[in-house]
Amino acid sequence: MDAIVAYDLSKQYGERIALCGLNLQIPQGSIFACVGGEQSGKTTMVRLLSGLCRPTMGECTVMGYSPGVEPERLHTVSGTVLETARLYGQMTLSANLNFFAAVNGIDSNDAIDRSSFLMHKLDIWEGREEKVSDLSTGMVRRASLARALMHRPQVLLIDEPAGGIDQETMDRTQELISYLREEEGVTVLLCTRNLAYAQLLCSGFAILRQGSLLAKGDLESLRKAAGLKYRAAFRFAGEEDPPDGFYWMDGFWQKNIEAESDMPRLVSEAVSSGKRVYEAKLLKPTLEEIYKAYMDGGMKNGGETFGEERTEEGVTSATRESTEEFLSEEEGGGGAEEG
Ligand SMILES: Nc1ncnc2c1ncn2[C@@H]1O[C@H](COP(=O)(O)OP(=O)(O)OP(=O)(O)O)[C@@H](O)[C@H]1O
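Predicted, not measured: the structure shown is a model, and the values here were computed from it.

K.L.:
Hey, could you run me through the nonpolar core in this one?
P.N.:
Taken as a class, soluble globular proteins show a tendency for nonpolar side chains to be buried jointly. One finds Val35, Ile124, Leu145, Leu156, Ile158 and Tyr294 to be the most contacted residues of the largest nonpolar core, which totals 51 residues. Here this core gets seven residues from one element, more than from any other, and that element is helix H5 (residues 137-149). Among all residues touching Leu145, those that are not within four sequence positions of it are Val81, Leu122, Leu156, Ile158, Thr173 and Leu176. If you look at the next biggest cluster of nonpolar residues, it comprises 29 residues, including Ile4, Ala6, Leu9 and Leu157.

Take a look at the structure:
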């Protein structure tokens, strides 16, 4: 089952198109990243999925519930971490978590167990009796995450702040997400500009630019669709000449290769031609390199649908380019609390 589905999902604010015809299916249990630069529509996507604003066109569901049709059910199955913390500054961290647990109908003993577990996991236990307004930015961020997880949601939607988060928060979040996936089967959608972090945490990716989906898929299908190759990188003793076809980059003699299975042959050719190989390694394009290729090349519709069988071409479902069909709509229906 797909935990998150967006069909032709579009949002326009006045003349401004925030999200344009997004089609996306995220299978249950996956850790998925939506990456894009500034104003690419990441926050809008989280807000639409959380029911904090309504689509101009198209629809979306979370665990089968449409935010506009069944908001209460949606909030029982999902938790949202927004860019801004939704906590009461004058209340202690513990009191905040217990309060939100009560709002969600969680029994007080269960709430204490859950908040204690989350505060320990996120390493904010020490701040439990502090007012939230006295906590550091990183701790408040982790407190927001704890809050979103108090009611054991099946889907976690995270909108990372544009300014990024501190290393400690990244580390604790990463550990907790691994735990949640393995132990609670939680599906995570992380919207972020931090490509290295997205690559570390996630197995599926959607690349957004100016509200349009450029590509979606796992790293390998995105790499292929972007036309990027693996690279063999060698370091030899002394000033030896490189083998044919190698170029010098980042302190290594490098060569583009089709597959990692080319490596043993290249190593043995280098050795048998008398080269003293100090180091040989396979370099796989990172999400950052793939993202850059998409941005530089203006590519569209690359990669593949996450969770489905790969095609030779790796082509995804179409991303709508036309914006003419958008209806003009004032923002409305917002204001619902996230779960
Ligand atoms: N409430 C709003 N009213 C008017 N325009 C909005 C509103 N929210 C978002 N937008 C516009 O929609 C576009 C997408 O914004 P959004 O915040 O979704 O992007 P983002 O990818 O999250 O950006 P960033 O990484 O910079 O936070 C932007 O052009 C933004 O100005």
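K.L.:
Honestly, the layout of surface pockets in this entry has me stumped. Any pointers?
P.N.:
If you roll a probe as big as a water molecule over the atoms, it shows you where there is empty space left. Here the largest pocket is characterised by a volume of approximately 330 Å³. Around the largest pocket sit 18 residues that line it, and Gln39, Ser40, Gly41, Lys42 and Thr43 are the ones nearest its centre. If you list the elements that add at least two residues to the lining of the largest pocket, you get strand S2 (16-27) and helix H1 (42-50). The class makeup of the residues in the lining of the largest pocket is five nonpolar, seven polar and six charged.

K.L.:
Is there a simple way to think about unusual backbone geometry in this case?
P.N.:
Across the chain, the bulk of peptide bonds are trans and the bulk of non-glycine residues have phi less than zero. With a phi angle near 50 degrees, Met63 is a residue other than glycine that sits in the positive phi range. Tracing the chain through its elements places Met63 in the loop between strand S4 (57-62) and helix H2 (71-77). Take Met63: its relative accessible area is 10%, and that puts it in the buried class. Located in the positive-phi region is Gln210, a residue other than glycine, with phi close to 45 degrees. One can find Gln210 in the loop between strand S8 (204-209) and strand S9 (212-217).

Definitions and cut-offs
- Residues numbered from 1 in each chain as written.
- Predicted model: local features only at pLDDT ≥ 70, side-chain atom pairs only at ≥ 80, totals over all residues.
- Heavy atoms only, no water.
- Core = buried A, V, L, I, M, F, W, Y, C linked by side-chain atoms within 4.5 Å.
- Buried < 20%, exposed > 50% of the residue type's maximum accessible area, 1.4 Å probe, protein only.
- Helix = DSSP H or I, 4+ residues; strand = E, 2+ residues; numbered from the N terminus.
- Contact = heavy atoms within 4.5 Å.
- 1 Å grid on protein atoms, 1.4 Å probe; cavity = no way out; pocket = protein on both sides within 12 Å on 5 of 7 lines; lining within 4 Å.
- Points joined across faces, edges and corners; volume = space filled by probe spheres on them.
- Nonpolar A, V, L, I, M, F, W, Y, C, P; charged D, E, K, R; others polar.

Function cannot be read off these values alone, since they describe shape.
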